[in-house]
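Observations on the three-dimensional arrangement
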Amino acid sequence: QVQLVESGGGLVQTGDSLRLSCAASGQTLRITDMAWFRQALGKEREFVAVIKWISSKTDYTDSVKGRFLISRDTAKDTLYLQMNSLKPEDAAVYYCAATRRATSLVITTGPSYEYWGQGTQVTVSS
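This text gives an overview of the structure that appears in the document. In this text, all values refer to a predicted model and were calculated from it rather than measured experimentally. (Residues numbered from 1 in each chain as written. Predicted model: local features only at pLDDT ≥ 70, side-chain atom pairs only at ≥ 80, totals over all residues. Heavy atoms only, no water.)

1. Quick word on the pairing of strand 4 (residues 33-39)
Summarising burial for strand 4: 6 of the 7 residues are buried, a large majority. Linkage of strand 4 to strand 5 (residues 46-52), two consecutive antiparallel strands, is achieved through a turn of 6 residues, within which G42 is found at a positive phi near 80°. Summarising the sheet, strand 4 and strand 9 (residues 92-99) pair through 7 bridges and their orientation is antiparallel. Bridge pairing in strand 9 links F37 to Y95. (Buried < 20%, exposed > 50% of the residue type's maximum accessible area, 1.4 Å probe, protein only. Helix = DSSP H or I, 4+ residues; strand = E, 2+ residues; numbered from the N terminus. Pairing = 2+ DSSP bridges.)

2. Quick look at the packing of aromatic side chains
Scanning the model with the defined rule gives 4 aromatic pairs in all. Ring centres 5.6 Å apart and planes at 75° place the aromatic pair F37 and Y113 in the edge-to-face group. Taken as a pair, F37 in strand 4 and Y113 in the loop between strand 9 and strand 10 (115-116) lie far apart in primary sequence, 76 residues in all. By the burial criterion, F37 is buried, and Y113 matches it. (Phe/Tyr/Trp six-rings, centres within 6.5 Å; stacked < 30°, edge-to-face > 60°.)

3. Examining the side chain of T120
By the element assignment, T120 lies in strand 11 (residues 120-125). Owing to a relative accessible area of 11%, T120 belongs among the buried residues under this scheme. There is a polar contact of 3.2 Å between the side chain of T120 and the backbone nitrogen of G9. Once residues within four sequence positions are removed from consideration, T120 is found in contact with E6, S7, G8, G9, L20, A92, V93 and Y94. (Polar contact = N/O pair within 3.5 Å; in protein donor to acceptor, adjacent residues only side chain to side chain. Contact = heavy atoms within 4.5 Å.)

4. A closer look at unusual backbone geometry
Positive phi is not limited to glycine here, since S56 has a value of about 70°. With a relative accessible area of 36%, S56 lands in the partly exposed category.

5. Here's the deal with the sheet that holds strand 3 (residues 18-26)
Strands sit in the order 1-3-8-7 across an open sheet of 4 strands; the sheet is antiparallel. In this open sheet, the two strands that pair with only one neighbour each are strand 1 (2-7) and strand 7 (68-73). Strand-to-strand twist across the sheet, computed as the mean angle between neighbouring axes with direction ignored, equals 15°. (Axes fitted to C-alpha atoms, helices over the stretch in contact; angles between N-to-C directions.)

6. What to know about the pattern of salt bridges
Think of it this way: side chains of opposite charge can pair up when their charged atoms draw near. Tallying each qualifying case throughout the model produces 5 salt bridges. Two residues, K52 and D33, come together in a salt bridge whose shortest N-O distance is 2.8 Å. Of this pair, K52 sits in strand 5 while D33 sits in strand 4, and the two are 19 residues apart along the sequence. We classify K52 as buried; its relative accessible area is 8%. Here K65 and D62 are joined by a salt bridge, their closest N and O atoms 3.0 Å apart. Taking the relative accessible area as the measure of exposure, D62 reaches 61% and is therefore exposed. (Salt bridge = Lys/Arg side-chain N within 4 Å of Asp/Glu carboxyl O.)

Here it is, written out as structure tokens:
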């Protein structure tokens, strides 16, 4: 089992920055990918960013490219999402996810992830 605990959400103004964290514990040695998803009120959950744990290969959804940066600290089993130039449309509950699926491709689909955090709220005011 893998447990994921998120932190770092909050209320910010348009243009501000936030860094989300996700601490993984339990059976973490075989994690292959970790990702961030988000779900805004009244909308479906969407992929935001992913990183392969060993190679650090990344991918982002188009709307956050150039503004968000996903990274990981392998020694601490911690995932980060640095969010810059935040916009009101970035407001959502952000979820951390992890998978042990073995593939060379980055995994961007929610159903492929076995482990999920509880979510952390990001609110962006204008």
